[in-house]
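Take a look at the letters that make up each chain.
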Amino acid sequence: MLKRFPRLSETFIVHELLELERQGLEIDVFALSDPADPVQHEALQRLRARVTYLPRDDWTQAAYICSGSYARGRGAGAPTAEERARTWTRQTLVGRHAADWEQATLMLKAGALAALARARGVDHLHAHFASDAATVARLASRMTGLPYSFTAHAKDIYHDTVDAVLLQQKLRDAAFVVTVCEHNRRHLARLAGRAAKRVKLIYNGVDLRLFRPELEPGQSCSLDTQRSLDRQAWLDRHGGGGKNGGLILGVGRLVEKKGFHFLLEACRMLHERGVGFRCAIVGQGELREELSRRIDDVGLRGRVRLVGACSQDELRGYYRQAALLVMPCVIAEDGNRDALPTVMLEAMASGLPVVATRVTGNPEIVEHGHTGFIVGPERADELAAATASLLAEPGLRMQLGNAGRRRAETRFDLRENVGRLRRLFLPQGSSLGVA
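Residues numbered from 1 in each chain as written. Predicted model: local features only at pLDDT ≥ 70, side-chain atom pairs only at ≥ 80, totals over all residues. Heavy atoms only, no water.

Visitor: For this particular structure, what's the right way to read the sheet that holds strand 2 (residues 28-33)?
Guide: Whenever strands of a sheet pair, they do so through backbone hydrogen bonds, lying parallel or antiparallel. One open sheet holds the 3 strands; their spatial order is 1-2-3, and the pairing between them is parallel. Each having just a single partner strand, strand 1 (2-4) and strand 3 (50-53) make up the two edges of the open sheet. Neighbouring strand axes in the sheet, compared pairwise and without regard to direction, differ in orientation by 40° on average. In the sheet, strand 1 pairs with strand 2 via 2 bridges, with the strands oriented parallel. What sits directly across from Arg-4, in strand 2, is Ser-33. (Pairing = 2+ DSSP bridges. Helix = DSSP H or I, 4+ residues; strand = E, 2+ residues; numbered from the N terminus. Axes fitted to C-alpha atoms, helices over the stretch in contact; angles between N-to-C directions.)

Here you go:
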């Protein structure tokens, strides 16, 4: 269950679905809204799951639910909770809780989801994000008696608008809750109280076959092979890029929490010090014009480029060209933040060192001084210093990049981490064979 599917910035969901299918689960995807992104990832073409958008016309849904059609097919002895849920829905629609129309709308969508889940023989409801998608899954769970769970990320649990009481109810009622970093797990466990043990940490995974260090033509993709590449040849490709310097890569939506203003300020400092570099920022968003003006104001046009949105295939090309990835994440004024940026996992799997800020799960990804550098949030001076040291030392970049690949293999392997999620979906004692 998703609020919107697919989204360009949520590749971790697409890859999780693909891996669950590979591991033998049959999946139906339900979404509250259809996609708005003009660029879509090629991986979507491999998804077998049926995607269903719940009806937008709320009055159509109201008629659908109040007619009792959602309850057709339920057998004798159906849970009384279903009757209570239908009564609650009717009361909502006639105005008993009319002040909370948004919640009523979600209830209507939950009714549609409940009907479809019953008709298709769904065994478990799982939502991504603890916000509206989890609300709908929880309500549909009440109507059907099906277990529900959700994966919590960041905006859905830290944003100023999060209803803490409602979030606690969702935590309490869920069969289990997954979150993507230890920082989040501790936060949710405190909210969950007696249900804290049901909050599970499962890191997002990265496809290690898709994202891998640059290879020579005809070579396999194993890390051992990559390590056997001639050291000088590697340094020739990544040694600084000549007079224009190495490529600094930033990837993410152009929104406040990504902190790209601080990356531009760090680039200005590097330029003033005479450090050779180029910088590409991949992504789109509401701050594009503001960032573009800033590039002109500080005289970085020609060195810093806003690339726009890219497919994953195009992004892999940038990983191959870049000397390092910089993720200058911050906590936005509204509390929004990143939990575990997928691009950092992809960059490490691709053999790139990463410079990131000390925000939420970033220090759980990057081992300071071993796979990259962790700096303070909103500290452009620290970003500039860490970036300059990596640009100046190709050997250090190779050392940190290799260590990052090993860390991706041991901690962020998509197959391993999705396998842990899959086991949570299965009833105890059951199993599915996985190749």
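Right, picking up where we left off after that structure.
Visitor: Sorry if this is basic, but what is going on with the packing of helix 13 (residues 312-321) against helix 14 (residues 342-349) here?
Guide: If you want to describe how two helices pack, look at the angle between their axes and the distance between the axes. Viewed as axis vectors pointing N to C, helix 13 and helix 14 meet at an angle of 55°, and their least axial separation amounts to 10 Å. If you check the angle between helix 13 and helix 14, you find them oblique. At the point where helix 13 passes helix 14, the crossing takes the right-handed sense. Residue-level inspection shows Gln-312, Leu-315 and Tyr-319 of helix 13 in contact with helix 14, the latter providing Val-343, Glu-346 and Ala-347. Tallied by class, residues from the contact of helix 13 with helix 14 come to 4 nonpolar, 1 polar and 1 charged. (Parallel < 35°, antiparallel > 145°, perpendicular 65-115°, else oblique. Left-handed = near helix turned anticlockwise from the far one by under 90°. Contact = heavy atoms within 4.5 Å. Nonpolar A, V, L, I, M, F, W, Y, C, P; charged D, E, K, R; others polar.)

Visitor: How do you make sense of the pairing of strand 5 (residues 148-152) when you look at a structure like this?
Guide: Successive side chains on a regular strand alternate, one facing one side of the sheet and the next facing the other. In terms of burial, strand 5 is largely enclosed, as 5 of its 5 residues are buried. Every second residue of strand 5 is oriented toward a common face, with Tyr-148, Phe-150 and Ala-152 on one face and Ser-149 and Thr-151 on the other, all of them buried. As paired elements, strand 4 (residues 125-128) and strand 5 share 4 bridges and run parallel to each other. Bridging across to strand 5, Leu-125 finds its partner in Tyr-148. Summarising the sheet, strand 5 and strand 6 (residues 176-179) pair through 4 bridges and their orientation is parallel. Pairing of Thr-151 across the sheet is with Val-178, part of strand 6. (Buried < 20%, exposed > 50% of the residue type's maximum accessible area, 1.4 Å probe, protein only.)

Visitor: Which parts of the structure should I look at to understand the packing of aromatic side chains?
Guide: Think of a pair of aromatic rings as described by two things: how far the centres are apart, and how the planes are tilted against each other in angle. This structure, assessed with the given rule, holds 4 aromatic pairs. Ring geometry for Tyr-148 against Phe-150: centres 6.3 Å apart, planes inclined by 25°, an arrangement best described as stacked. Each member of the pair, Tyr-148 as well as Phe-150, is classed as buried. Taking the centre distance of 5.2 Å and the plane angle of 70° together, the rings of Tyr-203 and Phe-412 count as edge-to-face. Residue Tyr-203 is located in the loop between strand 7 (199-201) and helix 9 (223-227), and its partner Phe-412 is located in the loop between helix 17 (394-411) and helix 18 (414-425); the two are separated by 209 residues in the primary sequence. (Phe/Tyr/Trp six-rings, centres within 6.5 Å; stacked < 30°, edge-to-face > 60°.)

Visitor: Mind showing me how you'd approach the nonpolar core here?
Guide: Where a protein is soluble and globular, its nonpolar side chains tend to be buried together. Core analysis: the biggest nonpolar cluster contains 74 residues, and Met-1, Leu-125, Phe-150, Leu-249 and Leu-325 have the highest contact counts within it. In this structure, Leu-249 is in contact with Ala-280, Val-282, Tyr-318, Tyr-319, Ala-322, Leu-324, Leu-325 and Val-326, ignoring residues within four places of it in sequence. (Core = buried A, V, L, I, M, F, W, Y, C linked by side-chain atoms within 4.5 Å.)

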